[in-house]
Amino acid sequence: MKKVLITGALGQIGTELVVAMRRTYGTANIIASDIQPSPPAGALAEGPYAVVDVTAPEKIAAVVQRYGINQIIHLAAILSATGEAKPKLAWDVNMCGLFNVLEVAREAKAAVFTPSSIAAFGPGTPPDRTPQDTIQRPTTMYGVTKVGGELLCDYYFLKHGVDTRGVRFPGLISYAALPGGGTTDYAVHIYYEALKHKTYTSYIGKGTFMDMMYMPDALDAITQLMEADPDRLVHRNAFNVTAMSFDPEILAASIRKYIPEFALTYNVDPVRQGIANSWPNSLDDTAAREEWGWNPRYDLDAMTVDMLAQLKRKLGL
Ligand code: NAD
Ligand code: AKB
């Protein structure tokens, strides 16, 4: 039986992953954890929760032992924009936290899922249909920790037999929790502002293409990869995955199909624009499709319809 520890469970992904996995595997089998003292009231609070700072290995080990954990989904991290403002914190949480998780997993013989990111690529990477195996020389601290993390996960698989698996997520778009300090966050905020004020000022410039994905597909990617036949996995850490690629204009055009008066203006933030410029325009996710059947369900318009409907309900509009 699966006994899963999710670190960083109160963030954008964890908020939805915990609830989805509890539905599939049983509430008692999914242990949510985060550095924050408690989950917010609601679905997340209806199940086991532990305070775990991933920079403290003994805390991770204690929870793994207490619950008999055999799989760790490691989501605790500092994202790209915050990572540029606080590079030491990003290194400590992203690199040391992952090292601690892998060491505990080695001892406990637990499998580990760790998300990498499009941030693992840099300006020297082919930007269009970026191949699975290519140049990875990122220019952000976040990206450095993502490449380091991919290599560390490979190392623990090759040297210690830890069942490590991961994907390179693009920007994730969701309505349940707000994103936590990334560069792609504009693609979430735009939906809130379109509904509330019918206008949005983008800090990412016109013509800047990045890969994106709706959260239900991201959750499927995690569970499908962790259920995949290990004999078919050539890449493990980490698979390119994507669902769509757009710039702010294309996203605004999709929103205008449902809110015709929506207006988009720009006030470009040089830091986040610089990060976005260093990332690919679009990924080639053939390896994920071939090795474990990756096949996202949501394109841009399907996501826009659902995001607007869900946010209307959430915001009471
Ligand atoms: P998030 O910022 O929303 O959540 C991260 C969580 O980690 C927060 O709840 C935070 O409290 C917690 N945390 C921070 N420091 C901690 C520590 N020392 N110990 C324990 N918990 C700590 O992030 P997310 O968007 O849910 O991302 C999860 C993972 O997915 C990260 O590895 C991120 O790099 C990756 N990823 C996310 C996206 C995206 O668009 N959301 C895209 C690519 C990759
Ligand atoms: C960020 O913008 O930092 C994240 C990511 C793509 O890794 N959303």
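Residues numbered from 1 in each chain as written. Chains lettered and ligands numbered in written order. Predicted model: local features only at pLDDT ≥ 70, side-chain atom pairs only at ≥ 80, totals over all residues. Heavy atoms only, no water.

Colleague: Break down the sheet that holds strand S13 (residues 244–246) for me, with residues and values.
Modeller: Strand order across the open sheet formed by 3 strands is S9-S11-S13, with mixed pairing between neighbours. Of all strands in the sheet, those bounded by a partner on one side alone are strand S9 (171–173) and S13. Put simply, the sheet's adjacent strands are angled 40 degrees from each other on average, direction ignored. When strand S11 (residues 210–214) meets S13, the two strands line up antiparallel, connected through 3 bridges. If you follow Asp 211 over to S13, its bridge partner there is Ser 245. This element, helix H7 (residues 215–227), spans S9 and S11 of the sheet and lies at about 85 degrees to S11. (Pairing = 2+ DSSP bridges. Helix = DSSP H or I, 4+ residues; strand = E, 2+ residues; numbered from the N terminus. Axes fitted to C-alpha atoms, helices over the stretch in contact; angles between N-to-C directions. Contact = heavy atoms within 4.5 Å.)

Colleague: I'd like a rundown of helix H4 (residues 87–108), residues and numbers included.
Modeller: For H4, built from 22 residues, the straight-helix expectation of 32 Å at 1.5 Å per residue is met to within 8% by its first-to-last C-alpha distance of 31 Å. Restricting attention to buried positions, one finds in H4 the residues Ala 90, Val 93, Asn 94, Met 95, Gly 97, Leu 98, Asn 100, Val 101, Leu 102, Val 104 and Ala 105. Along its buried surface, H4 packs onto helix H2 (57–67), strand S4 (71–74), helix H3 (80–85), strand S5 (111–113), helix H5 (141–160) and strand S7 (164–165). Lys 109 occupies a position one or two residues after H4 and carries a positive phi of about 55 degrees. (Expected span 1.5 Å × (residues − 1). Buried < 20%, exposed > 50% of the residue type's maximum accessible area, 1.4 Å probe, protein only.)

Colleague: So what about the site of ligand 1? Which residues, and what values?
Modeller: Around ligand 1, a shell composed of 26 residues is seen, among which Gln 12, Asp 34, Tyr 142, Lys 146 and Leu 172 lie nearest. Here an oxygen atom of ligand 1 sits 3.2 Å away from a polar atom, N or O, in the main chain of Gly 11. Take Ile 35: an N or O atom from its main chain is 3.4 Å from a nitrogen atom of ligand 1. Protein chains shield 91% of the accessible area of ligand 1, which is 830 Å² for the free molecule. In this structure the site holding ligand 1 corresponds to the largest pocket. Contributions of two or more residues to the shell around ligand 1 are made by helix H1 (12–25), strand S6 (116–117), H5 and S9. Looking at the shell around ligand 1 residue by residue, the class counts come to 15 nonpolar, 8 polar and 3 charged. (Near = heavy atom within 4 Å. Polar contact = N/O pair within 3.5 Å; in protein donor to acceptor, adjacent residues only side chain to side chain. Areas by Shrake-Rupley, 256 points an atom, 1.4 Å probe, with all protein chains shown as cover. 1 Å grid on protein atoms, 1.4 Å probe; cavity = no way out; pocket = protein on both sides within 12 Å on 5 of 7 lines; lining within 4 Å. Sits in = over half its atoms within 2 Å of the grid points. Nonpolar A, V, L, I, M, F, W, Y, C, P; charged D, E, K, R; others polar.)

Colleague: Could you give me a rundown of the state of the cysteines, with the residues and numbers involved?
Modeller: This structure, assessed with the given rule, holds 0 disulfides. As a non-bridged cysteine, Cys 96 has Cys 153 as the owner of its nearest cysteine sulfur, 14 Å distant. Relative accessible area serves as the criterion here: at 2%, Cys 153 is assigned to the buried category. (Disulfide = S-S within 2.5 Å.)

Colleague: Just give me the short version of the domain arrangement of the chain, but keep the residues and values in it.
Modeller: How large an interface is tends to be reported as the accessible area lost when its parts come together. Considered domain by domain, the chain is made up of domain 1 (4–170 + 214–240) and domain 2 (171–212 + 244–282 + 297–315). Just the C-alpha atoms count here: the centres of domain 1 and domain 2 sit 24 Å apart. Each side of the interface is counted separately: domain 1 has 30 residues, and domain 2 has 30 residues. For the domain 1 and domain 2 pair, buried surface summed over both sides reaches about 2,500 Å², with 58% attributable to carbon and sulfur atoms. Summed over the three residues of domain 1 that lose the most area to domain 2, namely Gln 12, Pro 170 and Tyr 214, the buried surface amounts to 34% of that side. If you list the elements that add at least two residues to the side of domain 1 that touches domain 2, you get H1, H3 and H7. (Domains from an automatic or database assignment. Buried area = accessible area lost by both parts, 1.4 Å probe.)

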